[in-house]
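Take a look at the letters that make up each chain.
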Amino acid sequence: MATMIAARVHKYGEPMQLDRIPVPEPRSTDVLVEVKACGIVPNLARVVSNFFGSAPDPKAMPPLPAIFGLDPTGVITKVGDQVRAIRPGERVYVNPARSCGSCRMCRSGQVLDCPNFTFQGYFGRSQEIMRAYPYGGFAQFITAPATALVRLPDNVSFEAAARLGYFGTAYAAMKKLGVGPGHSLLINGISGTLGLCAALLALAMGATKILGTGRNAALLERVKALAPERIDVFAMTDAPGGGQPDSFVSSLVSWAKAATDGYGVDGMIDCLPPGAPASAMMRALHTLRRGGRAVNVGAVMEVLPLNAFWLMTNRIGLQGSVWFTTGEGEEMAAMAGAGTLNLSVLKHRVSPLSQVNEAIAGMGDRDGGFTNFVVDPTRVD
Ligand SMILES: [Zn+2]
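This structure is a prediction, so every number in the text was calculated from the model and none was measured.

Engineer: Would you take a moment to explain the pattern of salt bridges for this structure?
Structural biologist: Any two side chains of opposite charge can pair, so long as their charged atoms come close to each other. Applying the stated rule across the entire model yields 13 salt bridges. Residue glutamate 34 is joined to lysine 36 by a salt bridge in which the shortest nitrogen-to-oxygen separation is 3.9 Å. Take glutamate 34: its relative accessible area is 26%, and that puts it in the partly exposed class. Assessed through its relative accessible area of 26%, lysine 36 is described here as partly exposed. Two residues, aspartate 367 and arginine 222, come together in a salt bridge whose shortest N-O distance is 3.2 Å.

Shown next, in the form of structure tokens:
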């Protein structure tokens, strides 16, 4: 029997161990992918550890021992007997979004709205789906449904494509906002991992004016340098004792209005990291023009002090968004292949599978969204 190396969590709060396990056989509608790179999301450290003093909710977590790894890319080595249009040898990104396939939402093509939505290699709402697809990208081979595959153009590297989870999260949100020619967009948290992806996509999608907030002035300047004629940045600084003074909100709003002929922005995408206060999202909402729309893909967990009357009288829309469809993944791959989506600004930090614990622990040291953390499962040295 063929075997492979996989990094597995045997107990939450303890490091992953390298184990030798059988290479899985793809079912009829599945494929087997030899993983060449897998992105690491910063939140993974919190998910697999007792970092915040409490174990993860067991109902939402895969059965142990578990293989994590959310953003795998690689080469197809085998296909099931019902897989027809994709063949061994093709380079792919595996969209980890799994759904039940037969509920009303799945049958109507809205797979992200499946009540059993589950991330392969991460966590989710269905133990049954996690047992059916137990292989995350921190293993040398994974099985996945053929419907999950995004074909990669030859000029898109495995390392860059391992970032597609973040790009896709931003992209699905920005499609909901209608980002395109003539559109102005404020990216709240533009220099972070999600925010930088949003900025690169906004450039690719033809947004005319891209405004961004952030806390690190040097990183903000690097983002602005991507397209100085279209990107403007606003550095937020902490008020003493936490929170933000009202005058700070008004200076952000005046700046956004000045950049948009006095109207305010057409759209706002919130990309704030975990731990950001509600006030940081609220002030960005106030940069919207009358009739403007916001989509939240950030991680603000505080309750928003949101005035429903203000929403109504100003015709403001606010929506949440999670992840992206395989079709949206194909669109991004096409943009990257054509060069309109510029992935060359990412600085890959690649670790062998044998260093996966150190790689996860070392993610605090990064140049905002410019650093791309990747594990290479072909290396177990
Ligand atoms: Zn379903």
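Additional details are given in the paragraphs that follow.
Engineer: Sorry, what's going on with the coordination of the zinc ion here?
Structural biologist: Between any two of four tetrahedral donors, the ideal angle at the metal is 109.5 degrees; between two of six octahedral donors, it is 90 or 180 degrees. In this structure, Cys100 (SG), Cys103 (SG), Cys106 (SG) and Cys114 (SG) serve as the protein donors to the zinc ion, at separations of 2.3 to 2.4 Å. Around the zinc ion sit 4 donor atoms, and with donor-metal-donor angles ranging over 104 to 115 degrees the site reads as tetrahedral. Between consecutive donors of the zinc ion, the numbers of intervening residues give the motif C-x2-C-x2-C-x7-C. You can see cysteine 100 sitting in the loop between strand 6 (97-98) and helix 2 (104-107) and its partner cysteine 114 sitting in the loop between helix 2 and strand 7 (118-119), a full 14 residues away along the chain. With relative accessibility at 3%, the residue cysteine 114 sits in the buried group.

Engineer: What exactly am I supposed to notice about the sheet that holds strand 15 (residues 317-320) here?
Structural biologist: Strand pairing within a sheet occurs via backbone hydrogen bonds; the two strands may be parallel or antiparallel. The sheet built from 6 strands is open, its strands ordered 12-11-10-13-14-15 with parallel pairing. In this open sheet, the two strands that pair with only one neighbour each are strand 12 (231-235) and strand 15. Each strand of the sheet is rotated relative to its neighbour by a mean of 20 degrees, with strand direction disregarded. The pairing of strand 14 (residues 288-296) with strand 15 spans 4 bridges and is parallel. Counted as the bridge partner of alanine 294 is leucine 318 from strand 15. Packed onto the sheet, helix 7 (residues 217-224) meets strand 11 (209-214) and strand 12 and runs at close to 170 degrees relative to strand 12.

Each value, and the rule that gives it
Residues numbered from 1 in each chain as written. Predicted model: local features only at pLDDT ≥ 70, side-chain atom pairs only at ≥ 80, totals over all residues. Heavy atoms only, no water. Salt bridge = Lys/Arg side-chain N within 4 Å of Asp/Glu carboxyl O. Buried < 20%, exposed > 50% of the residue type's maximum accessible area, 1.4 Å probe, protein only. Donors = N, O, S within 2.8 Å, 3.2 Å for Na, K, Ca; no water. Tetrahedral: all angles 85-135°; square planar, octahedral: opposite > 155°, others 65-115°. Helix = DSSP H or I, 4+ residues; strand = E, 2+ residues; numbered from the N terminus. Pairing = 2+ DSSP bridges. Axes fitted to C-alpha atoms, helices over the stretch in contact; angles between N-to-C directions. Contact = heavy atoms within 4.5 Å.

Shape is all these values report; function is a separate question.
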